Amino acid sequence: MKRFALILCLLFTTLTIAQEELSLDYYLPQEYTYDPAIPKPADVIGHEVGEWHVTHDKLMFYMQTLAEASDRITIENRGATFEGRPILLLTVTSPQNHSKLETIRQQHLALSENGSSTTAVEELPIVVYQGFSVHGNEPSGANAGLAYAYYLAAAQGPQIDEMLKNTIILMDPSYNPDGLQRFAYWANTNRSMNLNSDGNEREYHEVWPGGRTNHYWFDINRDWLPVQLPESRARITTFHRWLPNILTDHHEMGTNSTFFFQPGEPSRVHPLTPKMNQELTAEIGTYHAKALDKIGSLYYSEENYDDYYYGKGSTFPDVMGSIGILFEQASSRGHIQESENGILTFPFTIRNQFTTALSTVEAAQNMRTKLLNYQRDYYRDLRTEAGRSKTKAFIFGDSKDAAKTWHMAEILERQNIKFHDLSRDITLGGKQYKKGNSFIVPLEQKNHRLIKAMFEKRTTFTDSLFYDISAWTFPLAFNLDYEELSSLSNAGAEIPELTPLTGSVSGESSYAYLFEWHEYYTPKALNMILEKDLRAKIAQYPFSMGGVNYDYGTVMIPVQNQELDRKALYDFLKKVAKESHIAITAVSTGATKGIDLGSGDFEPVEKQKVALIVGEGIRSYDAGEIWHLFDTRYDIKLTKIDTEYLGRTDLSSYTDIIIPGSWGSGGLSESIAEKLKSWVKAGGTLVGFRTTANWFDKQEFLDLTFKKDTLVAKNVTFGERQDFRGAQVTGGAIFEARIDRSHPINFGYKNNSIPLFRNSNIYLEPEKDSYNNPIQYTSSPLMSGYISEENAALISNSVPFKTRRMGQGRVILFTDNTNFRAFWYGTNKLLMNAIFFGDMM
């Protein structure tokens, strides 16, 4: 549906309304009366909705106050953000429904189960999940939630009673509490009493990293499928607990836009999403159009945005038998701003969000039985499809790394996907799957499409444009072995609940301790050991002893000449093993088959002190992923140094400095380049990612030869130019690279190839000497996702890794993101190898 409202007279509020006459009546439908016993937002937060940006603490206080005052609302705290803010959920319905809420929930879930075909839906309430401002600096949604919650609690009349009787509203007032708080602080502290709409005003130019993201600078609207963050885990638990029929996601977009609601681009819908889903989305859209027409707001749909990546809030519901709805409101990014459409005020943006929150509930009322039947039919059809599938299950695991396998199984558990242990150790496709280190996922269960969405590899598409990534195959992201199975003959018992990971030391030694580098948490273990001022050495070659084979990168801790005595060392290593979930082996001799433990081929490893460059010019997503990895996974202290004062910082105490992906030069000047060169020559290891390649080449840290295309547009019209350029974007796909396992950058990897995630078009020629290409893409590397023909030719046999000795130090470059969105576990160790083993390369 491509439709534009023709009414312009009420498009934007005037400065008078914005500054002097603003009241709650601006938002509320006037055909209802409102219960005077229900406190208005201004009674609690001290200002009218839209007068100031609500901070999360005030938002929380108001929602708690409403829950105390209204028998229509209950409130629960589902957890805490990284900064300790509550993750709230309001449940809104009639008092009668509240008295039997658990029964209603069970009846609703029963619709998706076998045997539901005879269940009458006419008397069942519909379930609507409404969430606001997943991006903290898109605040009109959360601020609209103040007025919307008041409306739900206070509005009176037969229509309201009927709506509450027939609806369970799950209201998530702030998807992103930490980001909302950060942006509200910025907007409010820069607000003038005389509101200034000049786009050059400081209020509209928030400082790095901005309020969009959560504490660790993640875009949490990409985490619905991998569920790695606390905010996501809370809402996914709620989603599975209720299986809502509609889920809405209120966002903002550029100031010069209008208002968008789904459906999005018709050609950019994931193939696993039923056609009926898009038809119902379009029908719901007619209610939004009608409501926005009534207040004179411009809008559009079926453009720009897509429904492809299931990790987004408006797309995840589509694979769950629900309808996901994205709203995008032109952003005032403060209180009032000039735009192509006239003066855009914060209250106006709030009113559009409020209006579509109401139109969503109206659509739910009028389409209630249709949407309930759709959900029931969706799961009925899934049961039929699963029975016809030739593939009966997927097996995944890593014979050398239980932790990575466990963490992928943890995602399945959070997504209510059942999985089984193996009945025995098996070998498939030349890969060993060990009982305890592997799991089998049957397809014949409640939602096999969700399983397919997580496991499938897809390389053909109806469109070449993607709003987000085009591939996210989870076993590849975790670098796990996996296969499709035609039977469940090797499946053991179902795992009802994952048991926590464990670690152990085989015994007390008077000689040495060993552990291989394969397990995911070995960097955490090594860091603990080095921080205790204990000596450790790294095996440069494989060896065996006591019937056990030890691979490249095995860590050896001698007992003699340590800071701890024999017993204290043993006790400490037990703590290390337990907290890092690894097995440490005590040995009583240095004699091996291969390099002996006293060999010079055991290289000493030093304690590391790592700095991360952040600030203007640096991609906050990339920086946040690295910060999160060090801080929450490996417990390694990381010093964040801002580009603003990097030039004045004494770097001499740091062993490693990381430059994440950046915009342009990343805010790094020529003088910074010289400063970093001097630091590297004195023994430092400089690690750069992605677009840092251009800066490294320009500043002569590395001598790089880029592979460039010579693509010229032929027979492409002016109107097609954006699609032509967009088709050359590699927005996120998975590629296979060969690895040299003897190189320290690849220590801890057991296979001779590795899946790499790539969302850039930086392609480098390999070195002439093969040993200087320890990671190299294959000739046809695409494993899953989209890449244009031109870029496919460029990536063939290119290299995503470079390193060079500079003085006593080293420069290391990764053209790809090894830490993508916290769920790309499979390549996290590449960065850790660069940190701990950089001087061995």
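What you see is a predicted model, and the numbers here were worked out from it, not measured in a lab. (Residues numbered from 1 in each chain as written. Predicted model: local features only at pLDDT ≥ 70, side-chain atom pairs only at ≥ 80, totals over all residues. Heavy atoms only, no water.)

## Structural notes on the overall build of the chain
Definition in use: Under the DSSP-based scheme used, a helix requires at least four consecutive residues in state H or I and a strand at least two consecutive residues in state E, with every element numbered from the N terminus. Radius of gyration here is computed from C-alpha atoms only, and the compact-globule reference equals 2.2 Å multiplied by the residue count raised to the power 0.38. Computed by Shrake-Rupley with a 1.4 Å probe, the accessible areas treat only the displayed protein chains as cover when residues are assessed. Counting rule applied: Lys, Arg positive; Asp, Glu negative; His and chain ends not counted. Charge coordinates come from a single atom per side chain, which is NZ of Lys, CZ of Arg, CG of Asp or CD of Glu.
When you go through the chain residue by residue, the secondary structure sums to 23 helices and 36 strands. For the chain, whose C-alpha radius of gyration is 28 Å, the value lies close to the compact-globule estimate of 28 Å for 841 residues. A total accessible area of about 31,700 Å² is found for the chain, and carbon and sulfur atoms account for 47% of it. One finds the centroid of the 84 positive side-chain charges in the chain at a distance of 5 Å from the centroid of its 102 negative side-chain charges.

## A look at the pairing of strand 28 (residues 610-614)
Formally: Categorising residues by exposure relies on relative accessible area from a 1.4 Å probe, with only protein chains included: less than 20% of the type maximum marks a residue as buried, more than 50% marks it as exposed, and the intermediate range marks it as partly exposed. Pairing between strands is defined by DSSP: at least two bridges between them are needed. With its strands directed away from the observer, a crossover is right-handed exactly when the path from the first strand over the helix to the second travels clockwise.
Counting buried positions over the five residues of strand 28 gives five, a clear majority of the element. Neither face of strand 28 is exposed, since Val610, Leu612 and Val614 on one face and Ala611 and Ile613 on the opposite face are all buried. Bridge count for strand 28 against strand 29 (residues 638-642) is five bridges, and the pairing is parallel. Note that in strand 29 the partner of valine 610 across the bridge is leucine 638. Traced from strand 28 through helix 18 (residues 620-633) to strand 29, the parallel crossover comes out right-handed. Pairing geometry for strand 28 and strand 30 (residues 656-659), over three bridges, is parallel. Looking at strand 30, one finds that alanine 611 is bridged to isoleucine 657.

## Considering the nonpolar core
Applied cut-off: As used in this record, nonpolar core signifies buried Ala, Val, Leu, Ile, Met, Phe, Trp, Tyr and Cys residues forming a set joined through side-chain atoms within 4.5 Å. Contact between two residues is taken to exist if any of their heavy atoms lie within 4.5 Å; hydrogens are not considered.
Of all hydrophobic cores here, the largest spans 188 residues; its most connected members are Phe396, Phe455, Leu526, Phe630, Ile658 and Leu831. Of all the elements, helix 23 (residues 828-837) adds the most residues to this core, at seven residues. Once residues within four sequence positions are removed from consideration, leucine 526 is found in contact with Phe515, Trp517, Ala536, Ile538, Val555, Val605, Phe836 and Phe837. By size, the runner-up hydrophobic cluster in this structure holds 47 residues, among which are Leu90, Ala142, Ala330 and Leu344.

## Some remarks on the side chain of threonine 649
Here is the rule: Any pair of nitrogen or oxygen atoms within 3.5 Å is treated as a polar contact; in protein, a donor-acceptor pairing is required on top of that, and neighbouring residues in sequence qualify only through side-chain atoms on both sides.
Relative to the helices and strands, threonine 649 is located in the loop between strand 29 and strand 30. Among the polar contacts listed, one links the side chain of threonine 649 to the backbone oxygen of tyrosine 645, at a separation of 2.8 Å. The residues contacting threonine 649, other than those within four sequence positions of it, are Ile641 and Lys675.

## What about helix 6 (residues 140-154)?
Using the following cut-off: Here a helix's expected span is defined as the number of its residues, less one, multiplied by 1.5 Å. The angle between axes fitted to the seven-residue stretch ending at a residue and the seven-residue stretch beginning at it gives the bend at that residue.
Look at helix 6: 21 Å from first C-alpha to last across 15 residues, which is about the 21 Å you get at 1.5 Å a residue. At leucine 146, helix 6 shows its maximal kink, close to 25 degrees. Of all 15 residues in helix 6, 15 are buried, a share of seventy percent or more.

## Things to note about the packing of helix 18 against helix 23
Condition: Lines fitted to C-alpha atoms define the axes here, with helix axes fitted over just the stretch in contact, and angles between the N-to-C directions of these axes take values from 0 to 180 degrees. An angle below 35 degrees is treated as roughly parallel, one above 145 as roughly antiparallel, one from 65 to 115 as roughly perpendicular, and anything else as oblique. Under the scheme applied here, ten amino acids are nonpolar (Ala, Val, Leu, Ile, Met, Phe, Trp, Tyr, Cys and Pro), four are charged (Asp, Glu, Lys and Arg), and all others, including Gly, are polar.
Across the interface, helix 18 lies against helix 23 with an axial gap of 12 Å and an inter-helix angle of 80 degrees. The orientation of helix 18 relative to helix 23 falls into the category roughly perpendicular. Between helix 18, through Ile626, Leu629, Phe630 and Arg633, and helix 23, the contact on the second element is made entirely by Asn828, Leu831, Met832 and Ile835. Class assignment for the residues of the contact of helix 18 with helix 23 results in six nonpolar, one polar and one charged.

## Quick notes on the pattern of salt bridges
Quick reminder of the rule: Salt bridge, as used here: a side-chain nitrogen of Lys or Arg that lies within 4 Å of a carboxyl oxygen of Asp or Glu.
Counting across every chain of the model gives 38 salt bridges. When the shortest N-O distance is used, the salt bridge between arginine 821 and aspartate 468 registers 2.8 Å. Linking arginine 821 in the loop between strand 36 (809-814) and helix 23 with aspartate 468 in the loop between helix 14 (448-455) and helix 15 (474-477), this pair joins segments that are 353 residues apart in sequence. Of the two residues, arginine 821 and aspartate 468, both sit in the buried class. Note that lysine 750 is salt-bridged to aspartate 481, the shortest N-O span being 2.6 Å. With lysine 750 in the loop between strand 32 (733-739) and strand 33 (753-758) and aspartate 481 in strand 17 (residues 481-485), this residue pair connects regions lying 269 residues apart in the sequence. Taken together, the salt bridges that share partners define one network made up of Glu138, Arg212, Asp219, Arg222, Asp468 and Arg821.

## Concerning the environment of proline 125
Tracing the backbone shows proline 125 in the loop between helix 5 (101-110) and strand 4 (126-132). What proline 125 contacts, discounting residues up to four positions off in sequence, is Asn97, Ile104, His108, Lys165, Asn166, Thr167, Ile168, Arg368 and Leu372.

## A short note on the sheet that holds strand 25 (residues 583-587)
Within a beta sheet, neighbouring strands are joined by backbone hydrogen bonds and run either parallel or antiparallel to one another. The six strands are arranged 19-25-20-24-21-27 in an open sheet whose pairing can be described as mixed. With partners counted over all chains shown, the strands left at the sheet margins are strand 19 (504-505) and strand 27 (602-604), one partner each. In this sheet, strand 25 lies alongside strand 20 (residues 512-515) in antiparallel orientation, the contact comprising three bridges. Following the sheet pairing, alanine 512 is matched in strand 25 by valine 587.

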